[in-house]
Amino acid sequence: MSHFHSIARVPGDPILGLIDAYRADGNPAKLDLGVGVYKDAQGLTPIPCAVKLAEQRLVEGETTKSYIGGHGDALFASLLTQLVLGADSPLLTERAAATQTPGGTGALRLAADFIARCLPSRGIWLSDPTWPIHESIFAAAGLRVGHYPYVGTDNQLQVEAMLAALSHVPKGDVVLLHACCHNPTGFDLSADDWRRVLEVVKARELLPLIDFAYQGFGDGLEQDAFAVRLFAAELPELLITSSCSKNFGLYRERTGALIVCAETATKLQDVRSQLAFIARNLWSTPPAHGAAVVASILADNELKRLWMDEVEAMRQRIASLRAGLVEALQPHGLSERFAHITQQRGMFSYTGLSPTQVQRLREDFSVYMVGSGRANMAGLDANRLDQLASAIARVCH
Ligand code: LMR
């Protein structure tokens with residue numbers, strides 16, 4: 001008898017699968033605009049200097065590899081909570097705390113299992129479209145998953161439709177919101193839009209889960225925290241998933257956190273006891289290295305300054321690549337059609353290219369992007385924008 005006989009194959013991951021496909025492509029002119037990693041002018045995903053310096057100190061100073069606790073590195077957790085909520089947030093004293101997780105994805109899974117276990121009848125509402133892994137994480141935790149409109153087939157933000165849909169969500173359900181640099185579209189809400197979403201959240205008594213994976217890549221480290229801080233100030237309860245993958249360049253070190261804001265110090269501790277229990281069953285204790293790096297940087301004024309400058313340089317480079325691509329599309333008569341690329345924020349752009357056009361870009365020009373038409377702007381090469389623009393023009397005309 002074969003135990004595995006009836007097991008069918010599932011399709012590969014829509015995003016990570018592109019890494020292998022790109023590697024296997026022998027075309028020297030290939031372009032990787034798939035998975036969300038930042039690349040510098042040399043086409044490398046660099047380790048920030050602040051991270052390198054912190055790592056050197058850690059190698060010298062580290063005295064043990066013993067476990068860190070269930071909530072992770074306490075200094076990391078407290079400094080990251082400050083970075084997210086703001087150093088002057090009144091919640092910091094006793095109403096908010098972070099549980100360290102393996103990356104932002106681990107934080108999402110922890111949140112999903114927390115909702116399933118502690119708020120069992122609640123559904124979760126995701127933007128349409130959203131990061132495909134949101135769909136599978138919440139489904140895997142057994143949650144009822146619903147969608148609210150976000151970007152339509154015309155590739156425009158649908159704020160009115162979003163608000164209308166949210167105002168019909170069952171009371172008490174969870175709504176997942178992207179704090180900034182919406183993945184996959186790159187379209188973000190304005191400050192006024194956020195205030196309107198907050199009103200609906202209050203009226204429907206929804207629990208927001210804010211995914212904050214790209215702090216610093218939109219308009220700046222502080223500016224990108226606008227929605228998170230607005231919601232934290234106005235609501236008694238909130239969940240935030242924070243990732244250090246992109247802004248600290250720590251991708252493979254799997255460094256993130258689930259931040260909980262609760263109404264009272266006691267309730268915060270009750271929730272945290274549940275999180276520690278769930279985390280113990282998922283990964284026991286989180287990996288130490290990335291969190292130790294982040295803590296060393298945020299605790300040291302000089303390293304923090306260096307890191308902030310490095311984040312800002314990455315942010316500006318992405319913005320200039322966006323502008324450069326639209327400029328390169330101009331001779332092809334396409335700059336207006338793709339003008340949205342400069343309005344979008346963060347790593348990703350929903351280009352508006354169809355799945356067929358994406359496939360042609362890959363097959364005929366070795367340009368790799370996600371099938372939905374999402375392109376990683378942070379993966380562009382400033383010297384090859386003309387090449388990319390010509391390829392786009394060929395599949396568009
Ligand atoms: C992406 O969407 O490309 C990134 O968030 C990386 C990932 O884990 O998918």
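The structure displayed is predicted, hence computed values, not measured ones.

*Asks:* Would you mind going over the packing of helix 4 (residues 103-118) against helix 5 (residues 132-140) with me for this structure?
*Replies:* Two measures define how a pair of helices packs: the angle their axes make with one another and the distance between the axes. Where helix 4 meets helix 5, the axes come as close as 9 Å, and the angle between the chain directions of the two elements is 35°. Like other packed secondary-structure pairs, helix 4 and helix 5 cross with a definite hand, here right-handed. Contacts between helix 4 and helix 5 pair T105, L108, R109 and A112 from the former with H134, I137, F138 and A140 from the latter. Partitioned by chemical class, the residues of the contact of helix 4 with helix 5 number five nonpolar, two polar and one charged.

*Asks:* Could you clarify how one ought to interpret the pairing of strand 5 (residues 174-178) in this entry?
*Replies:* One face of the sheet, then the other: side chains in a regular strand alternate in exactly this way. Among the five residues in strand 5, five count as buried, and that is most of the element. Here strand 5 shows a buried face lined by V174, L176 and H178 and a second buried face lined by V175 and L177. With two bridges connecting them, strand 3 (residues 124-128) and strand 5 associate as parallel partners. Each residue of the ladder has a partner; that of W125, found in strand 5, is V175. Note that strand 5 and strand 6 (residues 207-212) share five bridges and pair parallel. For H178, the partnering residue across the bridge sits in strand 6 and is D211. A crossover links strand 5 with its parallel partner strand 6, the connecting element being helix 7 (residues 191-203), and its sense is right-handed.

*Asks:* Mind showing me how you'd approach unusual backbone geometry here?
*Replies:* Leave glycine aside and you will find that most residues have negative phi; peptide bonds, for their part, are mostly trans. The step from D128 to P129 runs through a cis peptide bond, and the omega angle for that step is 5°. Within the secondary structure layout, P129 lies in the loop between strand 3 and helix 5. For the peptide bond that leads from N183 to P184, omega is 20°, which places it in the cis range. Looking at the element boundaries, P184 is found in the loop between strand 5 and helix 7. One non-glycine residue, E205, adopts positive backbone phi at about 55°. Among the structural elements, E205 can be located in the loop between helix 7 and strand 6.

*Asks:* Please clarify how the packing of helix 3 (residues 74-85) against helix 8 (residues 226-234) should be interpreted in this entry.
*Replies:* In contact at an axis separation of 8 Å, helix 3 and helix 8 are set at 95° when each is read in the N-to-C sense. The orientation of helix 3 with respect to helix 8, classified from their angle, is roughly perpendicular. Touching Q82, L83, V84 and L85 of helix 3 are V228, R229 and A232, all from helix 8. Here the residues of the contact of helix 3 with helix 8 sort into five nonpolar, one polar and one charged.

What counts and how
- Residues numbered from 1 in each chain as written.
- Predicted model: local features only at pLDDT ≥ 70, side-chain atom pairs only at ≥ 80, totals over all residues.
- Heavy atoms only, no water.
- Axes fitted to C-alpha atoms, helices over the stretch in contact; angles between N-to-C directions.
- Helix = DSSP H or I, 4+ residues; strand = E, 2+ residues; numbered from the N terminus.
- Left-handed = near helix turned anticlockwise from the far one by under 90°.
- Contact = heavy atoms within 4.5 Å.
- Nonpolar A, V, L, I, M, F, W, Y, C, P; charged D, E, K, R; others polar.
- Buried < 20%, exposed > 50% of the residue type's maximum accessible area, 1.4 Å probe, protein only.
- Pairing = 2+ DSSP bridges.
- Right-handed = clockwise from strand over helix to strand, strands pointing away.
- Parallel < 35°, antiparallel > 145°, perpendicular 65-115°, else oblique.

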